[in-house]
Amino acid sequence: MADQSNDPLLQPYKLRHLALKNRIMSTAHEPAYSEDGMPKDRYRLYHLEKAKGGIAMTMTAGSASVAPDSPPAFGNLLAYKDEVVPWLKKLTDDCHEHDCAVMIQLTHLGRRTGWNKGDWLPVLAPSPVREPAHRAFPKEIEDWDIERIVGDYADAAERMQAAGLDGIEFEAYGHLMDQFWSPATNRREDEFGGSLDNRLRFSNMVIDAVRRRVGPDFIVGIRMVADEDWDIGLSRAEGMEIARRFAKSGKIDFLNIIKGHIDHDADLNEVIPIQGMRSAPHLDFAGDVRAETKFPVFHGARIADVATARHAIAEGKLDMVGMTRAHIADPHIVNKIRSGREAEIRPCVGATYCLDRIYEGGEALCIHNAATGREAIIPHTIPKTEGKVRNALVIGAGPAGLEAARVLAERGHKVEVLEAMDEAGGQINLLARNPRRKEMIGIVDWRVAELERLGVPVHYNSYVEEDEVLGRDADLVIVATGGMPQNPPLLEGDGLVVSSWDIIAGTVKPEGPVLLFDDNGAHPGMTAAELIANQGVELELVSPERFFAPEMGGMNHVPYARAFAKPNVRVTINTRLLAVRRDGNSLIATLGSDFDKSSRIERRVAQVVVEHATEANDGLYKALKPHSRNLGAVDYKALIARKFPLGERNAEGRFDLVRIGDAVASRNIHASIYEALRICSLV
């Protein structure tokens, strides 16, 4: 057991009357689990899991909207509706049973949304300055808008108090409040523009109206930008002055500190860093605000590991440390710290699959914890089987195979893993060759460590054929043999191209000029292109899509786009590679258009690289099918209903057979892990 008396993270903290049992929180974010703008069961269970996992406070909503003209940009809760109250009350009551405080973030998005959402009302902002990220052209907010929205904030705060929440925080980075603060977005010449007093007028009106409504004892904080890090934006000096004023006002109970601006994806990446970027880049700045104001300060920006979080509290930089994406990866962090099991914490690898999905209109999913967001159907803690103990053989130690072995072992089955290569990881080992994405190996390392803890042997350099499987005493065989790169359909020239895998693995050296045709639109092609671009080789990246890498969200798009902004790189969209032929020492790539079949363009290059996902490596699976009880079939109805999905189809079969991951079809890491988890947790 961890020594609670000495661990800074496990020390209690008193925020006015609110006793927080430790120093770890989940900061406000929108997982987009809402239904009709309400935090129904999926939303509630997501937060409840963190409460069960020992967190001191969970901040709900990445910006719950206070008004209809702040329509949800990415699944935001609708705090302007009375029906939100009972849903939030149930969530809060459930979390309180685990001694977990609950707050919510309230906002008006201002220009950070779209007019063609919700009730199709005009987007507004202090001045008619467009935000590139959401692209709406806002109208200049009028006096009657201000009066109405101030009242909307007060109404929303009263609803949150009625729901039994422990408090609220205002959102003031990139949203309406701080759009008034920033010279970049406030060009007004009336009493709401110009001097800092004027630019703070709207925020003070809101705070005063809320305090009148909820009284002096309800906790009210603000998540605020204290330096936009922008030559035309809010300066550090003015940001610090705003923090000092709020701290001295007696109306605000805590500051949740942000540095940077978010009007564009490239800027957002600096505020919410992804893998390959510095850990906790704004922690020292938040500590400066705390030192300057002598006031409760919260902060969370890529504080993904316990050591960094512990340092933040021990050194007095923060009062509460936000570990938000870390809790998406593992909601039981605190319990594992408390019980001396830090090594078992599933790491956040910074892939930012969670946020990319949200910003592209999906829901937050962790790249390697498929239970997050699915708490109603998938347990985070795998229960022991109530049936017979199986002898399970897992073939392949990529992400799917490792997850299958882990889950089966947690269920209590006897498991053995056979891997053809000399190390575990499959395609993750390939993508981690990009120095910027080396943290992805954490997906593999954690599972290998878990298999060691669970006593599961992994045999490397073990290429398995049909006879060897039949010679073993297995009654469950999981085929996770992955896939191999395949060419896109070409009229000619199959033998003249090389794959993205060749480039990433370093088995083929880029020779310019290179034409890279990406007909997959995900990380493999982009990674190969980035590696080529960074070597200074002349590159044309060709995509048949109307924009490149459509399988990737905006946050992961940024570092690729940055690499492709180099003079040696050209990006061509809406164009398809049709054929390749040799001409002397060069290759001629014929390009065409799906929109004009008669269009033909030729490029003379030294090398053509192609990315067309993977072809299933399914030979072993097909050989084993006739020997299996279920003939390889998975009952999808049963699987979806969380019932045993491997029915008997062959009375003479010797084992149940399942194939998972890219051995089925080319998908992504999350799909492979989810497939392994959902099937093996039922066996």
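Named according to an unreviewed UniProt entry, the chain is NADH:flavin oxidoreductase originating from Rhizobium setariae. Comment text from UniProt for the chain, heading Sequence similarities (unreviewed entry), reads "In the N-terminal section; belongs to the NADH:flavin oxidoreductase/NADH oxidase family."

Just give me the short version of the layout of surface pockets, but keep the residues and values in it.
By volume, the second largest pocket amounts to about 970 Å³. Along the wall of the second largest pocket there are 36 residues; nearest its centre are Ala 133, His 134, Arg 135, Tyr 359 and Glu 360. Among the elements that make up the lining of the second largest pocket, the one with the highest residue count is helix α20 (residues 554–564) (six residues). When the residues that make up the lining of the second largest pocket are grouped by side-chain class, the tally is 19 nonpolar, eleven polar and six charged.

An account of the pattern of salt bridges is requested, with residue identities and associated values reported.
Any two side chains of opposite charge can pair, so long as their charged atoms come close to each other. Within the structure shown, the criterion is met by 53 salt bridges. The residue Arg 112 makes a salt bridge to Glu 131 at a minimum N-O spacing of 2.6 Å. Linking Arg 112 in the loop between β5 (101–107) and β6 (124–125) with Glu 131 in the loop between β6 and β7 (139–140), this pair joins segments that are 19 residues apart in sequence. A salt bridge links Glu 158 to Arg 213, with the shortest nitrogen-to-oxygen separation between them at 3.0 Å. Residue Glu 158 is found in helix α3 (residues 143–162), and its partner Arg 213 is found in helix α6 (residues 201–214); the two are separated by 55 residues along the sequence. Take Glu 158: its relative accessible area is 37%, and that puts it in the partly exposed class. Here the salt bridges share partners, and the residues they tie into one network are Asp 69, Lys 139, Glu 142, Asp 145, Arg 148 and Asp 152.

Mind laying out α3, listing which residues take part and the relevant values?
Over its 20 residues, α3 extends 29 Å from the first C-alpha to the last, a length consistent with the 28 Å expected when each residue adds 1.5 Å. Those residues of α3 lying buried are Asp 145, Ile 146, Ile 149, Val 150, Asp 152, Tyr 153, Ala 154, Ala 156, Ala 157, Arg 159 and Met 160. Two residues or fewer past α3, Gly 164 is found with a positive phi of approximately 85°.

Kindly report on the side chain of Asp 319, identifying the contributing residues and their values.
Looking at where Asp 319 falls in the secondary structure, it is placed in the loop between α10 (306–314) and β12 (320–322). A distance of 2.9 Å separates the side chain of Asp 319 from the side chain of Arg 290, its partner in a polar contact. Within the structure, Asp 319 has its side chain in polar contact with the backbone nitrogen of Val 297 (distance 2.9 Å). When sequence neighbours within four positions are dropped, the list of residues in contact with Asp 319 reads Tyr 13, Arg 23, Arg 290, Phe 295, Pro 296, Val 297 and Ile 313.

Explain the UniProt feature "domain: FAD/NAD(P)-binding" (unreviewed entry) in the chain residue by residue, including any values.
Sites flagged by UniProt as "domain: FAD/NAD(P)-binding" (unreviewed entry) map to residues 382–502. Structurally, residues 382–502 is divided into 31% helix and 17% strand, and its ends, taken at the C-alpha atoms, are 38 Å apart.

What counts, and at which threshold
Numbering of residues starts from 1 in each chain and follows the order in which that chain's sequence is written. Thresholds applied to this predicted model are a pLDDT of at least 70 for local features of residues and 80 or more for the giving and counting of side-chain atom pairs; totals over whole chains, interfaces and linings are not thresholded and use all residues. Side-chain figures throughout are based on the complete set of non-hydrogen atoms in the structure, without hydrogens or water. UniProt positions are given in the numbering used here, feature names are shortened, and annotations may be inferred rather than shown by experiment. Using a grid of 1 Å spacing that covers the protein atoms alone, one calls a set of points a cavity when a 1.4 Å probe fits there but cannot get out, and a pocket when the set is open and has protein on both sides within 12 Å along at least five of seven lines; lining residues are those with an atom within 4 Å of a point. Grid points are joined across faces, edges and corners, and a volume is the space filled by probe spheres set on the points. Secondary structure elements are defined from DSSP: runs of H or I of at least 4 residues count as helices, runs of E of at least 2 residues count as strands, and each element is numbered from the N terminus. Each residue gets one label: Ala, Val, Leu, Ile, Met, Phe, Trp, Tyr, Cys and Pro are nonpolar, Asp, Glu, Lys and Arg are charged, and the others, such as Gly, are polar. Just to be clear on terms, a salt bridge is a Lys or Arg side-chain nitrogen sitting within 4 Å of an Asp or Glu carboxyl oxygen. Buried residues are those whose accessible area, probed at 1.4 Å on protein chains only, stays under 20% of the maximum for their type, while exposed residues exceed 50% and partly exposed ones sit between those limits. A helix is expected to span 1.5 Å multiplied by its residue count minus one. Between N or O atoms, a polar contact is any pair within 3.5 Å; within protein, one atom must be a potential hydrogen donor and the other a potential acceptor, and residues adjacent in sequence are included only when both atoms are from side chains. The contact definition used throughout considers only heavy atoms, calling two residues in contact when any of these lie within 4.5 Å.

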